[in-house]
Protein chains: 2
Amino acid sequence: MPPCLSIVIVDTLKKILGTAPKTLHEPRFQGNEHRYVRDCIDSTFVSSVGAYVDRFERELADYTGSRRAVAVVNGTAALQVAMQLAGVRSGDEVIVPTLTFVATANAVHYLGATPHFADSEMGTLGLDPVALREWLTHCSEQVAGGTRNRYTGRPIRALVPMHTFGHPCDMEGLMAVAHDYGLALVEDAAESLGSRYQGRHTGTFGKLGALSFNGNKIITTGGGGAILTQDEKLADHAKHLTTTAKQPHRWEYVHDEIGYNFRMPNLNAALGCAQLEKLPGFLVSKRHLAVAYQGAFANTPAVHLVQEPVGCESNYWLQALILDETVADQRDAILNATNEAGLMTRPAWTPMHQLAPYRHCPHAPLPVADSLVRRIINLPSSAGLV
Amino acid sequence: MPPCLSIVIVDTLKKILGTAPKTLHEPRFQGNEHRYVRDCIDSTFVSSVGAYVDRFERELADYTGSRRAVAVVNGTAALQVAMQLAGVRSGDEVIVPTLTFVATANAVHYLGATPHFADSEMGTLGLDPVALREWLTHCSEQVAGGTRNRYTGRPIRALVPMHTFGHPCDMEGLMAVAHDYGLALVEDAAESLGSRYQGRHTGTFGKLGALSFNGNKIITTGGGGAILTQDEKLADHAKHLTTTAKQPHRWEYVHDEIGYNFRMPNLNAALGCAQLEKLPGFLVSKRHLAVAYQGAFANTPAVHLVQEPVGCESNYWLQALILDETVADQRDAILNATNEAGLMTRPAWTPMHQLAPYRHCPHAPLPVADSLVRRIINLPSSAGLV
Ligand SMILES: Cc1ncc(COP(=O)(O)O)c(C=O)c1O
Ligand SMILES: Cc1ncc(COP(=O)(O)O)c(C=O)c1O
């Protein structure tokens, strides 16, 4: 009898990571973090305005090649405002992957809209443009003003691909679907800072894109996010909306629409500026780890590592092992053995269409996502592990 | 001819504040801010969990005498979740003062509810319970399940007093109105950390209360807020809702309702812990400033300083000069002269019922708020000014 898969996996991980406990992902502060944060506090500008916010926005725009970046309080808020500015309104539907973190669906809900879940591709883990086109052909009809779900009668307004664990989706295919069905494209690039599709940074293909700098992301601001856009007017509007929609005035408080307090505090932006300086190094380190994992698991039957899609450069934010269907029933045993051994692993998210609050929402057939969810195991992924 | 009022006011302010420029309100970091923030970064726990968040919540609860405090990303988020937990639902109306910062009304709107604006009292600057009772007698009717606006047909679900500039409202009167009309009481205590009504801390009278630690408040976390409540179950629910409603599990991601990413990052809580240690000193300093302003303006005709209401202890967060009706037409000249002189002043907010996005909302007669808005001038108010 061959040794049980969970023992093989624990042993293989230990060979690469050593025997000390490892978290799934933790941040690394070895640059100017202390310096910039100290400087920020000394300036007294720790809150909603300040030089680090401006600098962080400028540097994010430069790094991603986006014309503009608007720093906000977190990735969820970035998504919500990005969708609102893309035209999503109460009563609309928005296509999102079922295989995503709950924030993607929540952001749709906050706008009074309904998420409509679509399937993923095996290769990218992201939305499958071929399956999506087929589904839309079936479930939608063209009406004045756009695409309508023929079953619910609601407008399908936007398409929100998510770059899972940092691996870019098939943007060419998805842009074509968005174009053909008149859907606004908004990218959930929360996990993919540093990832490129055909040389272009994720989050810059859609009308708007959203980044996250939560503590578990490739760089962190404590909590934070950003809206990316190529459109100056949308960027200005994003800034306005996320800063309570107050008109500039020496002393009057006039708010010309219903905005949000979604500003990123300068304190958090200071941390972000230091982290951004370290991003290139994090990317190298994560790529090394991916190579190490791939080598180590090359001869393990029935498992493989997710690799960057062809034509893409992934940030390898979160490493993912995929179990073959034949051993999918061992997922929980593997999760258990690795976590017991102090090597933190986790499965993919419960897919959105299985969560109680979203169970009633429209969805396409979801065979690939259903399969992936039973087979994905995320491995320790912090920068600096190897 | 007597010297023009704006010159008198500039001169009086300079006597107290000196001639160097003064902002309206700025934070002060002279305690453990650097130490705690450094320690937080060194711990690598800068994000959504961490020891400083727990400590800040515990210390806020101790300080305010609230059974629980739940730290969140800002005061607006605190208000939104507090109202939701108090039972506010889409389609409801919520009574809020027209004389408030726009966040109070926005939080109502985010829940799909409609703000219903009520008038203030001259003495407290907060909601007037006598006028409110009169208005409700006129505009509402009792139906199964509570109070209904007889003109709009919508349920009036909650009452949200705000403690303006840190001066407590007439809570006894407002609690009686809330009780008699079956309205959930939620306090907007964003401005009143440190203020007490009959010995009890503001924000602890209602079912829930909201604090803000924005950069302009008496203490700051960069951006931040907290939900106060005496009810353990509501506090646990607030924590759940503000942390994406994820069920505790070693690895599964199950969200059992639609939550929010409204966590306060540990980095911001670290700053908050240091600031909270300094709060007693800030309160003393602000009280000195209030006394100094009162003395200095005692002989200026046609103006007076807002003083803490009888039976209250105000935090004197923002000092406010009130012009007599006879000189209200000089408000802008005074704002201009003081700001030109480098002494930052500002008027009250544009009242909610005059803002474009809220102009259509129901409101009571608002004579006092309308008068106050033409007459309030906030003066430089930072701790440490005298
Ligand atoms: C796919 C995805 N979307 C959105 C978010 C939301 O970002 P944040 O946690 O900063 O609100 C995250 C990260 O948590 C994410 O992984
Ligand atoms: C009365 C009032 N309510 C709510 C808020 C909202 O707090 P925050 O700015 O932290 O979102 C503020 C402060 O800005 C306020 O003054």
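Under the annotation held in an unreviewed UniProt entry, chain A carries the name GDP-perosamine synthase and is attributed to Ectothiorhodospira magna. Here chain A is described in UniProt, under the heading Pathway (unreviewed entry), as follows: "Bacterial outer membrane biogenesis; LPS O-antigen biosynthesis."

The next thing to look at is empty space enclosed by the protein. If you walk through the whole model with that rule in mind, you get 4 cavities of 30 Å³ or more. When grouped by side-chain class, the residues that make up the lining of the largest cavity number 5 nonpolar, 11 polar and 1 charged. The space that makes up the second largest cavity amounts to roughly 70 Å³. His34(A), Val37(A), Arg38(A), Ile41(A), His34(B), Val37(B), Arg38(B) and Ile41(B) are the residues that line the second largest cavity. At the level of elements, helix H2 (33-43) of chain A together with helix H2 (33-42) of chain B are the ones that each hand at least two residues to the lining of the second largest cavity. For the lining of the second largest cavity, the per-class residue count stands at 4 nonpolar, 2 polar and 2 charged.

All told, the structure shown has 18 aromatic pairs over all chains when counted by the stated rule. The interplanar angle of 85 degrees and the centroid separation of 5.6 Å between the aromatic rings of Tyr197(A) and Phe205(A) together place this pair among those described as edge-to-face. Here the two residues Tyr197(A) and Phe205(A) agree in accessibility, since each one is buried. Each ring, one from Tyr293(A) and one from Phe297(A), has its centre 6.4 Å from the other, and the planes form 45 degrees; the classification is tilted. Highlighted residues: Tyr293(A) and Phe297(A), both in helix H9 (residues 266-297), separated by 4 residues, approximately one helical turn. Accessibility classification places Tyr293(A) together with Phe297(A) in one group, the buried group. Taking NZ or CZ as reference, Arg55(A) lies 4.6 Å from the ring centre of Tyr36(A), over its face. Note that Lys246(B) overlies the ring of Tyr253(B), its terminal NZ or CZ placed 4.9 Å from the centroid.

Residue and element names in this part refer to chain A. As recorded in UniProt, the feature "active site" (unreviewed entry) lies at Lys 217. Along the chain, Lys 217 turns up in the loop between strand S10 (208-212) and strand S11 (225-229). Relative accessible area serves as the criterion here: at 10%, Lys 217 is assigned to the buried category. Sequence-distant contacts of Lys 217, that is, excluding residues within four places in its chain, are made with His 25, Ala 190, Glu 191, Ser 212 and Trp 317.

How each quantity is defined
Residues numbered from 1 in each chain as written. Chains lettered and ligands numbered in written order. Predicted model: local features only at pLDDT ≥ 70, side-chain atom pairs only at ≥ 80, totals over all residues. Heavy atoms only, no water. UniProt positions renumbered as here; feature names shortened; annotations may be inferred. 1 Å grid on protein atoms, 1.4 Å probe; cavity = no way out; pocket = protein on both sides within 12 Å on 5 of 7 lines; lining within 4 Å. Points joined across faces, edges and corners; volume = space filled by probe spheres on them. Nonpolar A, V, L, I, M, F, W, Y, C, P; charged D, E, K, R; others polar. Helix = DSSP H or I, 4+ residues; strand = E, 2+ residues; numbered from the N terminus. Phe/Tyr/Trp six-rings, centres within 6.5 Å; stacked < 30°, edge-to-face > 60°. Buried < 20%, exposed > 50% of the residue type's maximum accessible area, 1.4 Å probe, protein only. Lys NZ or Arg CZ within 6 Å of the ring centre and 35° of its normal. Contact = heavy atoms within 4.5 Å.

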